[in-house]
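Here is what each chain is made of, one letter per residue.
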Amino acid sequence: MHPATDGLTIPDPIPDASIFQPAPWVAPSSEQLPFLRRRLHEHYTTIAAEGAQQGRTGQVARAAAVESEDREVRRYARDEAGRLRNASLTWVDHEAIEMAVTYSSTPSTEPASPDRMPSMTGFMLFESCIGGALYDAARAQDLPGSGWTPAPWLYDVSGYVEAPIVAISWSRLPPPHEDRVQLSFYTPNRPPQWDGLPPDTFVAQWAATKTCYSAGYFADHVRTVSARMSPMPVLATFTATLQFGELLPEPDANHCAGWVQTVYGLWQLLDHKVKKPLTQTDVIAAPRSVTRGDVRAGIIATIDVNIVRVHPRFRTEDLPPDDGEDNADHDTSDNSRRSPHYRHRYWRGPYRANMCMNTWGHSEGNCEHKEVPVGRHLRGPVGAPFRERVTELRGSPARNSGTGQPKP
């Protein structure tokens, strides 16, 4: 057995990180998006006025470690409140997120363009996550304040806790940086799962008094605070900057780069205005009472919500293996320059196609290329046997282990 610490125990054996993993993300409905935006706006407006004591989670009191940290928290909260005040609202369903993630699995070769942005300022909520940041168990525990030291055994916990990216806000920066876009990535605001440990487990020590506190203490504290106040469902946690006229950052150890690729890919899908669009957007208007509440809160943007879904033509459930002749490639001649001789039918896409927009100047290099999204479609001759392609995706925790720019 591990020795007791001031009457508290240390788990033996040390559990893995799965006991700290919060429940899966359940997105608020599209009808709730205006109310969520108002709560977030009020939350960041309060932090901008009062400072860092609201903390990163908005659940517990927190004192700024240094004065510079407090100024940084206030500045970021003021900027985020300004974005939400002017943001258009978009709710993206699960299948559209899947399409964007698949489409963006190949990094974009198009220089970032402001024409791809759905709006100058916006807030998007995702029904499913577009990726996530992985934390070790000690970093994943959001202790109430900067004066707490996690118990040493937490650093020995194997595995990682994931913080999924479930929303994003953006806005163009003011002059002289108007050629950049500031992105804020949101994660669910979920308290640590202290109930997964025995109540007398040593969890953290208060640095000022060296007093040790248990899992039961923190579990009771979270329940008490949650009963007294309604915490924010999501909070901005990471930031990134998108530079117009330059290529998007290649996904590497910086997980923010992968999220930027996915968000920009989603913008490309929304900007795909052709005869057969890949997505469809429905607009719902909020009740008049919501409008009056936003006016009182100082929100000047429209409260209409854009609901983005995959177009019925490309929805997975609407595309059985024996359908899709209009989208299939039927050219099976051996002399075809466009495709090889297919013996099966299989699904392809979505993917990026780099197309020349003015071919008359292509030979002289005086042309413009643009990435055009290609939707999920069938390849191969009608009547050929259908073949499923299975791709196994493997991720490395070391690749996504907490780099980036976390924000309060």
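Residues numbered from 1 in each chain as written. Predicted model: local features only at pLDDT ≥ 70, side-chain atom pairs only at ≥ 80, totals over all residues. Heavy atoms only, no water.

## Side note on the nonpolar core
Put simply, the rule reads: For the purposes of this section, nonpolar cores are sets of buried Ala, Val, Leu, Ile, Met, Phe, Trp, Tyr and Cys residues that join through side-chain atoms within 4.5 Å. For every residue, the accessible area (1.4 Å probe, protein chains only) is compared with the maximum for its type, and the residue is labelled buried under 20%, exposed over 50%, or partly exposed between those bounds. Labels follow the DSSP assignment, with helices taken as runs of H or I lasting at least four residues and strands as runs of E lasting at least two, numbered in each case from the N terminus. Residue contacts follow a heavy-atom distance rule, with two residues in contact if any of their heavy atoms lie within 4.5 Å.
If you look at the biggest cluster of nonpolar residues, it comprises 37 residues, and the most contacted ones within it are Leu-183, Phe-185, Leu-242 and Trp-267. Mapped by element, the contributors of at least two residues to this core are helix 3 (94-103), strand 2 (121-126), strand 3 (132-135), strand 6 (167-172), strand 7 (180-188), strand 10 (234-243), helix 6 (255-270) and strand 12 (305-310). The dominant element in this core, judged by the number of residues it contributes, is helix 6, at eight residues. Every residue in contact with Leu-183, bar those within four places of it in the chain, is listed here: Ile-168, Ser-169, Trp-170, Phe-238, Thr-239, Ala-240, Leu-242, Val-260 and Trp-267. Leu-33, Leu-40, Tyr-44 and Ala-81 belong to the second-largest nonpolar core, a separate cluster that totals 25 residues.

## Digging into helix 1 (residues 33-50)
Heads up, the condition is: Given the number of residues in a helix, its expected span is that number minus one, multiplied by 1.5 Å.
In this model helix 1 runs 26 Å from its N-terminal to its C-terminal C-alpha over 18 residues, within 8% of the 26 Å that 1.5 Å per residue would give. Within the sequence span of helix 1, burial applies to Leu-33, Pro-34, Leu-36, Arg-37, Arg-38, Leu-40, His-41, His-43, Tyr-44 and Ile-47. Gly-51, located one to two residues past helix 1, shows a positive phi value of around 100 degrees.

## Here's the deal with the sheet that holds strand 9 (residues 211-214)
Using the following cut-off: Paired strands, in this sense, are two strands between which DSSP finds at least two bridges. Under this scheme, a helix contributes an axis fitted over its contacting stretch, all axes are lines through C-alpha atoms, and angles between N-to-C directions fall in the 0 to 180 degree range.
A sheet is described by the order of its strands in space; here three strands give the open sequence 4-8-9, paired in antiparallel fashion. At either margin of the open sheet sits one strand with a lone partner, and together these are strand 4 (148-150) and strand 9. Strand-to-strand twist in this sheet, taken as the mean axis angle between neighbours without regard to direction, amounts to 35 degrees. Where strand 4 lies against strand 8 (residues 202-206), three bridges are found, and the strand directions are antiparallel. Opposite Trp-148, over in strand 8, you have Trp-206 as the bridge partner.

## Remarks on the packing of aromatic side chains
Let me state the cut-off plainly: The pairing test for Phe, Tyr and Trp rings, Trp by its six-membered ring, is centres within 6.5 Å, and the orientation test on the planes gives stacked under 30 degrees, edge-to-face over 60, and tilted for anything in between.
With the rule as written, the count across this model stands at 11 aromatic pairs. With a centroid separation of 5.3 Å and 65 degrees between ring planes, the pair formed by Phe-238 and Trp-259 is classed as edge-to-face. Residue Phe-238 is found in strand 10, and its partner Trp-259 is found in helix 6; the two are separated by 21 residues along the sequence. Three or more aromatic residues link up through ring pairs in this structure, and these residues are Trp-148, Trp-194, Trp-206, Tyr-213, Tyr-217 and Phe-218.

## Focus: unusual backbone geometry
Residue Pro-13 follows Asp-12 across a cis peptide bond; omega there is 5 degrees. Along the chain, Pro-13 falls in the segment before helix 1. Each neighbour pair has its own omega, and for Pro-175 with Pro-176 the value is 10 degrees, a cis peptide bond. By secondary structure assignment, the location of Pro-176 is in the loop between strand 6 and strand 7. Despite not being glycine, Lys-210 has its phi angle at roughly 65 degrees, a positive value.

## Quick word on the sheet that holds strand 12
Pairing within the open sheet is mixed, and its seven strands lie in the order 10-7-6-2-1-12-11. Two strands in the sheet have a free side with no partner beyond their single neighbour: strand 10 and strand 11 (279-284). When strand polarity is set aside, the average angle formed by the axes of neighbouring strands in this sheet is 20 degrees. Relative to strand 6, strand 2 is paired through five bridges, and the arrangement is antiparallel.

## A look at the pairing of strand 6
Counting buried positions over the six residues of strand 6 gives five, a clear majority of the element. Relative to strand 7, strand 6 runs antiparallel, the two being bridged by six bridges. Opposite Arg-172, over in strand 7, you have Val-181 as the bridge partner.

## Section: the packing of helix 1 against helix 7 (residues 288-297)
Cut-off, in case you're wondering: Angle categories: roughly parallel below 35 degrees, roughly antiparallel above 145, roughly perpendicular from 65 to 115, and oblique for all the rest. Left-handed describes a crossing whose near helix is turned anticlockwise from the far helix by less than a right angle; the clockwise case is right-handed. When residue character is reported, Ala, Val, Leu, Ile, Met, Phe, Trp, Tyr, Cys and Pro are called nonpolar, Asp, Glu, Lys and Arg charged, and the others, Gly included, polar.
Orientation of helix 1 relative to helix 7, taken along the N-to-C sense of each, is 15 degrees, at an axis distance of 11 Å. The angle between the axes of helix 1 and helix 7 places the two elements in the roughly parallel class. The chirality of how helix 1 crosses helix 7 is left-handed. Of the residues in helix 7, those touching helix 1 at Pro-34, Phe-35, Arg-37, Arg-38, His-41 and Glu-42 are Ser-289, Val-290, Gly-293, Asp-294 and Ala-297. Residue composition of the contact of helix 1 with helix 7, grouped by class: four nonpolar, three polar and four charged.

## What about helix 6?
If you check helix 6, its first and last C-alpha atoms are 23 Å apart, about what 16 residues at 1.5 Å a residue would give, namely 22 Å. Most of helix 6 sits inside the fold, with 14 of its 16 residues counted as buried.

## Comments concerning the pairing of strand 3
The two faces of a sheet get side chains in turn, since along a regular strand they alternate between them. Because side chains alternate across strand 3, one face comprises the buried residues Gly-132 and Leu-134, and the other comprises Ala-133 and Tyr-135, equally buried. Here four bridges tie strand 3 to strand 5 (residues 161-164), and the two strands are oriented antiparallel to one another. Pairing of Ala-133 across the sheet is with Ala-163, part of strand 5.

## Looking at the side chain of Ser-128
Threshold: N or O atoms closer than or at 3.5 Å make up a polar contact, with two conditions inside protein: a donor-capable atom paired with an acceptor-capable one, and, for residues adjacent in sequence, both atoms drawn from side chains.
As for its position among the elements, Ser-128 is in the loop between strand 2 and strand 3. Assessed through its relative accessible area of 15%, Ser-128 is described here as buried. Among the polar contacts listed, one links the side chain of Ser-128 to the side chain of His-94, at a separation of 3.1 Å.

Keep in mind these numbers describe shape, not what the thing actually does.
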